Amino acid sequence: RNEMAFVPYVDAVSAVFARRSRAALCGEPTCGFFSAITPKPTTKFRNATRRRCRVVNKRTPIKTPLIITAMMSASEEEARSVEATPEAPAEVRMMAKKLGSELASMFVEGMPVCTVELYAPDVEFKDPLNKFTGVRKYQSNIEFLKKSPVFDQTQISVHSINIVHRADAPTSARKWAVQTRWTLQMRMIAMPWRPHVLWTGTSDYVLDADRGYVVCEHIDKWDSLSGEKQQQEPVSFEGVKDLFGMIFRFEGATVNKGISQPTYSVIRRAREYEIRKYDAFYTAQVAYQTRPEGLSRLDAYYGGANDLGVAIPRTVPLLLEFARGFEDNSNKVMCGILPALSSSSARAPPSPTAPWIELRGRPSTKIAAITFGGNLTPDVAAYQYQLLLEALQRDGITRAGSQKSVTLAQYSAVYTVPWQKKHEVWVQVE
């Protein structure tokens, strides 16, 4: 066994030994899967640990309590690739590439927010909150999102670019449009608590052939609103409600602030659910019948029952996997997510010494998740699962893998008050 391969992992988790020792000296609990009540390390200790383990934190806080990143979900070339119908004119295809490149870089520091030559002087912009005409107003609106006393950390992720033939166009000159799918996120610094807001949706750039295929209309639609036309029209009551819902959302998982979570990007934020693309991660899992049984076995592994004898930092969420759905409890697994380290660190976590603990490497996966709070009961979990399935069917989202497999993700300790608890139901999607 080459123990040197695990040296970086030992360094990374050494901070936990110090925290557990300090907690013991203070008379505070040092065990339990959800035990995170340990004294905060000093600045000197924290800086030293950061230099040693070089943990990569790719997350940007998008909303409380979730930690989400909304950076590019694919490589730049893949995100800007154009899927066009064969009959699209060359000018349309060229505009699609230019618009895709502009959209992906408009919020990057030092890059222009828009190329005025691509737009008609009287270009019309419309989304559920705004409607205006004129390329200068169009440019000023983007600059306001990029740099203003209201917003910062504005980022956009481009997921796809398509050329659309508009059969119902009012004139033949406007039958072509470039459609992009994106995730937009920013932080509102005008509010004392600085909430993060995030939208996913599509933009239709309608081109005018009579004026050299410049953009004459820009129409945004949000996934968080229904397909009903009145909800996507400005100024939509549902659009305002959606915005204020993100600004004034106070969810319970703030108790998990600072605890490691697997990194992911949001591909779609609908009314009831999110679709996330998770990066690859490891889990330690155990088959169980009762919750205390599963937690005690996982806790032993995290506490040092592994081939290196090291304690491993706690993470959230705790995953409860039901291979045949919530109705069948005969085949269920409890999984603890293992903290991710940098690419230069150990590629696998320490092996468990107990035969009932299994390590599992999970590839990058798309997950549909519905979030809810309160006390968790089997009936509540089944109800939320059914809501998720109905919403996915409504939006034409296809499940991947087993059609019965479902995962319950728990973020809160059992002693958390009900109004601060947070749970999710996960299903894998295409």
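First things first, this report covers the structure right here in the doc. Note that this is a predicted model, so its numbers are computed, not measured.

What counts and how
- Starting from 1, residues in each chain are numbered consecutively following that chain's sequence as written.
- Local features in this predicted model are restricted to residues whose pLDDT is 70 or higher, and side-chain atom pairs enter the listing and the counts only when it is 80 or higher, whereas totals over whole chains, interfaces and linings include all residues.
- For the side-chain quantities, the full set of heavy atoms in the structure was used; hydrogens and water were omitted.
- For helices the rule is a DSSP run of H or I covering at least 4 residues; for strands it is a run of E covering at least 2, with both sets numbered from the N terminus onward.
- Exposure classes here rest on a 1.4 Å probe applied to the protein chains alone. A residue is buried below 20% of its type maximum, exposed above 50%, and partly exposed in between.
- What makes two residues a contact is simply this: any of their non-hydrogen atoms within 4.5 Å.
- Calculation of accessible area relied on Shrake-Rupley with a 1.4 Å probe; when residues are assessed, cover is drawn exclusively from the protein chains displayed.
- For two strands to be treated as a pair, DSSP must find no fewer than two bridges joining them.
- Every axis in this analysis is a line fitted to C-alpha atoms, fitted for helices over the stretch in contact. Angles between the N-to-C directions lie between 0 and 180 degrees.

### Focus: the overall build of the protein chain
- For the protein chain, the helix and strand inventory stands at nine helices and 16 strands.
- Expressed as a percentage of its 430 residues, the buried residues of the protein chain come to 50%.
- For the protein chain, long-range pairs separated by at least 24 residues make up 67% of all intrachain contacts whose partners lie at least 6 apart in sequence.
- For the protein chain, the computed accessible surface area is about 21000 Å², with 54% contributed by carbon and sulfur atoms.

### Overview of the sheet that holds strand β13 (residues 358-362)
- Within the open sheet, the nine strands sit side by side as β8-β9-β14-β16-β15-β11-β12-β10-β13. Their pairing is antiparallel. Where the open sheet ends on each side, the last strands, each with one partner, are β8 (264-269) and β13. Direction aside, the axes of adjacent strands within the sheet are offset by 30° on average.
- Where strand β14 (residues 365-372) lies against strand β16 (residues 423-428), six bridges are found, and the strand directions are antiparallel. Bridge assignment links Ala-369 to a residue of β16, and that residue is Trp-426.
- The sheet contacts of helix α8 (residues 291-303) involve β10 (281-287), β11 (318-322), β12 (332-337), β13 and β15 (406-410), and relative to β12 the element is tilted by about 35°.

### Quick notes on unusual backbone geometry
- Backbone torsion omega between Pro-234 and Val-235 reads -20°, so that peptide bond is classified as cis.
- With respect to the element layout, Val-235 can be found in the loop between α6 (229-232) and α7 (237-247).
- That bond from Val-316 to Pro-317 is cis: its omega, 0°, falls within 30 degrees of zero.
- Of note, Pro-317 is situated in the loop between α8 and β11.
- A positive phi angle, close to 55°, is found at Gln-153, a residue other than glycine.
- For Gln-153, the position within the fold is in strand β4 (residues 151-165).
- Judged by relative accessible area, Gln-153 falls into the partly exposed class, the value being 35%.
- The phi dihedral of Arg-194 falls on the positive side, at around 50°, and the residue is not glycine.
- Within the element layout of this structure, Arg-194 appears in the loop between β5 (176-188) and β6 (196-208).

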